[in-house]
Amino acid sequence: MDIKNAQLIVDEWINEHGVRYFNELTNMAQLTEEVGEVARIIARRYGEQSEKESDKDKDLGEELADVLFVVLCLANQTGVDLQKAFDKRMDKKAKRDHDRHHNNEKLK
């Protein structure tokens, strides 16, 4: 699925199930909360913190999908064509960073 299609799917879901979009500030707070849930899993599962029993059943993929959902909501409600923006960003990164990481001694 491409990003443009994902934006449409989210918009259809909001219109069918969600009544309306939360306002942008609420969605920004929601995004922060969802990123925090991802951070908690990463810190405990892959970092040095011990994983609590209550965290062991948490699905990283689902939490990342929650982040993506809110990002798509924010893009929709602010009129951002995220596919176009992503493609533009990837093109810029490819040109700017073509040799950058290959020449980074820290990555060898």
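What this report covers is the structure whose coordinates are included nearby. Worth saying up front: this structure is predicted, and the values here are computed from it rather than measured. (Residues numbered from 1 in each chain as written. Predicted model: local features only at pLDDT ≥ 70, side-chain atom pairs only at ≥ 80, totals over all residues. Heavy atoms only, no water.)

The helix and strand tally for the chain stands at four helices and zero strands. Seen in sequence order, the chain has helices and strands lined up from the N terminus as α-α-α-α. The C-alpha atoms of the chain give 18 Å as radius of gyration, which overshoots the globular expectation for 108 residues (13 Å, by more than 25%). C-alpha extents for the chain along the principal axes are approximately 50 × 45 × 25 Å. Residues counted as buried form 21% of the 108 residues belonging to the chain. A separation of at least 24 residues holds for 63% of the contacts in the chain among residues at least 6 apart in sequence. If you sum the accessible surface of the chain, you get close to 8,400 Å²; carbon and sulfur atoms cover 55% of it. Mean positive and mean negative side-chain charge positions of the chain (18 and 23 charges, respectively) differ by 9 Å. (Helix = DSSP H or I, 4+ residues; strand = E, 2+ residues; numbered from the N terminus. Rg over C-alpha atoms; globule rule 2.2 N^0.38 Å. Buried < 20%, exposed > 50% of the residue type's maximum accessible area, 1.4 Å probe, protein only. Contact = heavy atoms within 4.5 Å. Areas by Shrake-Rupley, 256 points an atom, 1.4 Å probe, with all protein chains shown as cover. Lys, Arg positive; Asp, Glu negative; His and termini not counted. Charge placed at Lys NZ, Arg CZ, Asp CG, Glu CD.)

It is worth spelling out a positive patch on the surface at this point. On the surface, Lys84, Lys88, Arg89 and Lys92 cluster together to form a positively charged patch. Its place among the elements puts Arg89 in helix 4 (residues 82–96). On the basis of relative accessible area, Arg89 is assigned to the partly exposed category, the value being 43%. (Patch = residues over 30% accessible without salt bridge, like charges linked within 9 Å, V, L, I, M, F, W, Y side chains within 5 Å. Salt bridge = Lys/Arg side-chain N within 4 Å of Asp/Glu carboxyl O.)

Interpretation note: all reported values are geometric properties and have no functional meaning in isolation.
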